[in-house]
Amino acid sequence: MRLKIMIFTCLLILAAPRSMVCQTVPAGSFRVGAAKVDITPAQNELPKSYLGVLDHVYSRAIVIDNGQTSAALITLDAGIVPTDLWKTVSDRIQKELGIPSVNVLIAATHSHSVPGVFPMFARPGASPEPANAGRVTAYEDHVFESAKMAKDRLQPARISYGTGVSYLNVQRDRIDPATHRWWEGANYSGLSDKTVAVIKFESLNGDPIAVYYNYAMHAVINGVLDLVSGDVPGAASRYIENHFNDKVVAPWSEGAAGDQNPIYFQQTFDLRKIRIDDYAKQGKDISNAMLGGGQGMDRSKPEVIHLMDEQKEITNSMGQLLGEDVLRVVREAKNARTDGRILGNAQTITCPGRERTDEGRGGVAGTYKDGSPVEIKLGLLMIDDIAIGTVNAEVYNLMAQRLKAESPYAKTMMATLTNGMANSGYIPDDASFGHNTFEVLSSRLQPGCAETGIVNGIIGMMPRVTY
């Protein structure tokens, strides 16, 4: 018989390879609430490069309480979570809602089709431009409001966990068959975790409240449209929520997708080629450069119009397919618990840094000099025996696979782009530093530190369980 009260405690193991958290945490009966708030920018707030809105974007929040403490899972349809936003909102949530900031996860879906209100890579603590300060405050208010609404809707609940499989992602570092150099493309034999991890929240009578799902794939299909869009994460969440007649909130959690693209990406490659050719007519070579969006491309061409229409269709199709697998897991999820523990933790690891001294998107080795150390923020949120490890950066997929394989908890996932933005750029695994891809070339990390530091750091925060 399962004990009503369980504690996290530390087992003293001689010569343990990692430090272990020694902490007693009481259990309690779960209550859960969920809400979403529209954060779509108005037309007059869009940057000049944006042409309009394709679909609305949201801040989605789930609050979990067990009478002892509480936690919040918040996902923004956004490219990143600026460090200032995470700090301001998590501190406010702690002060006004009583949810410890260490138990607050604010994550981005990493959609490349949502303009930011913060400078993309602002220094920590940097203030926004005065003309933009009002938008920043309003944005922060919306994110906070989603958490507040979720807390206001708390009700007795049970929580279950399950996993599915979706073949929509693919490793994107490959050898180009024409140039025989590293480049971006579908590497069907590359490392790629197809797991969809799902946390299901429902009332005691079985009515669904929320679904939190984790998958490793870049949200980049709609990037060249220059229209506001939640991309595949937005389409998947809408599909799940619509299935339940909008009585459920379904935040996407970005897995370790640093080297994972959508498998159906051909329209983007075709449009990139057209765009390169259009720039070449202007005497500009962008073939080995990374230019955001689709500006500079002749959008009046029938071929461009056709490919962009296909992109919109494939985005919705992939969202529906992923949503279907999430719904299957929701239907089959068992062993729901009505009570349990909640525990949050965080730490920062530091790795040697580097600065690139040349340019180029990929295919040719970069040159570097030593740079400032790189700080990477790690987090852990335990919802009973469900472990969510977090990293505030774009992480290669192998690291999440290592984390799950080495974790003492079977129900483990890695949520990236969570609680701020590290100054690391991409974080490749150690073996991938030999690939001359744009992720590796642009990384501000020296090899040999981050992979083990992240995996050991998250596992080291995990408490050991006794009954």
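Note that the structure is a prediction, hence the values are computed from the model and not measured. (Residues numbered from 1 in each chain as written. Predicted model: local features only at pLDDT ≥ 70, side-chain atom pairs only at ≥ 80, totals over all residues. Heavy atoms only, no water.)

**A look at the overall build of the chain**
Phase 1 of the analysis: In terms of regular secondary structure, the chain is built from eight helices and 21 strands.
Phase 2 of the analysis: Relative to its length of 467 residues, the chain is compact, with a C-alpha radius of gyration of 22 Å against a globular reference of 23 Å.
Phase 3 of the analysis: When its C-alpha atoms are laid out on the principal axes, the chain stretches across 70 × 50 × 45 Å.
Phase 4 of the analysis: Taking contacts inside the chain between residues at least 6 apart in sequence as the whole, the part at least 24 apart equals 77%.
Phase 5 of the analysis: For the chain, the exposed area adds up to about 19400 Å²; of that, 52% sits on carbon and sulfur atoms.
Phase 6 of the analysis: Taking the average place of the 46 positive charges on the side chains of the chain and the average place of its 51 negative ones, the gap between the two points comes to 4 Å. (Helix = DSSP H or I, 4+ residues; strand = E, 2+ residues; numbered from the N terminus. Rg over C-alpha atoms; globule rule 2.2 N^0.38 Å. Contact = heavy atoms within 4.5 Å. Areas by Shrake-Rupley, 256 points an atom, 1.4 Å probe, with all protein chains shown as cover. Lys, Arg positive; Asp, Glu negative; His and termini not counted. Charge placed at Lys NZ, Arg CZ, Asp CG, Glu CD.)

**Topic: the nonpolar core**
Phase 1 of the analysis: Counting residues in each nonpolar core, the largest one holds 33 residues, and the members touching the most others are Ile376, Val391, Met414, Ile427 and Ile454.
Phase 2 of the analysis: Sorting the residues of this core by element identifies strand 17 (342-356), strand 18 (368-383), strand 19 (386-391), helix 6 (397-406) and helix 8 (450-461) as the ones contributing at least two each.
Phase 3 of the analysis: When residues of this core are assigned to their parent elements, the largest contribution, six residues, is made by helix 8.
Phase 4 of the analysis: Leaving out residues up to four positions away in the same chain, isoleucine 427 has contacts with Ile376, Val391, Ala393, Glu394, Val395, Tyr396, Met399, Leu445, Ala450 and Ile454.
Phase 5 of the analysis: Residues Leu85, Leu97, Ile99 and Val136 belong to the second largest nonpolar core, which totals 31 residues. (Core = buried A, V, L, I, M, F, W, Y, C linked by side-chain atoms within 4.5 Å. Buried < 20%, exposed > 50% of the residue type's maximum accessible area, 1.4 Å probe, protein only.)

**Points about empty space enclosed by the protein**
Phase 1 of the analysis: For the structure on display, the rule yields four cavities of 30 Å³ or more.
Phase 2 of the analysis: The computed volume of the largest cavity comes to approximately 120 Å³.
Phase 3 of the analysis: Forming the walls of the largest cavity are 14 residues, and the residues nearest its centre are Asp193, Thr195, Asn214, Ala400 and Lys404.
Phase 4 of the analysis: Mapped onto the lining of the largest cavity, the elements with two or more residues apiece are strand 11 (195-203), strand 12 (208-215), helix 6 and strand 20 (411-415).
Phase 5 of the analysis: Residue composition of the lining of the largest cavity, grouped by class: seven nonpolar, five polar and two charged.
Phase 6 of the analysis: By volume, the second largest cavity is sized at about 70 Å³.
Phase 7 of the analysis: Together, Phe30, Ile159, Ser160, Tyr161, Asn335, Arg337, Ile383, Asp384, Asp385, Ile386 and Lys411 line the second largest cavity.
Phase 8 of the analysis: It is strand 8 (residues 155-165) that provides the largest number of residues to the lining of the second largest cavity, a total of three residues. (1 Å grid on protein atoms, 1.4 Å probe; cavity = no way out; pocket = protein on both sides within 12 Å on 5 of 7 lines; lining within 4 Å. Points joined across faces, edges and corners; volume = space filled by probe spheres on them. Nonpolar A, V, L, I, M, F, W, Y, C, P; charged D, E, K, R; others polar.)

**Thoughts on the sheet that holds strand 3 (residues 31-38)**
Phase 1 of the analysis: Pairing is mixed in the open sheet, where eight strands are placed in the order 7-6-5-3-8-11-12-14. Each edge of the sheet is formed by a strand with only one pairing partner; in this case those strands are strand 7 (104-108) and strand 14 (252-254). Going across the sheet, the axis of each strand differs from the next one's by a mean of 25°, ignoring polarity.
Phase 2 of the analysis: Pairing between strand 11 and strand 12: six bridges, direction antiparallel. Note on strand 12: the bridge partner recorded for valine 198 is tyrosine 213.
Phase 3 of the analysis: Sheet strands touched by helix 3 (residues 231-243): strand 3, strand 5 (58-65), strand 12 and strand 14. Its angle to strand 12, the strand with the most contacts, is close to 155°.
Phase 4 of the analysis: Sheet strands touched by helix 5 (residues 302-332): strand 8, strand 11, strand 12 and strand 14. Its angle to strand 8, the strand with the most contacts, is close to 120°. (Pairing = 2+ DSSP bridges. Axes fitted to C-alpha atoms, helices over the stretch in contact; angles between N-to-C directions.)

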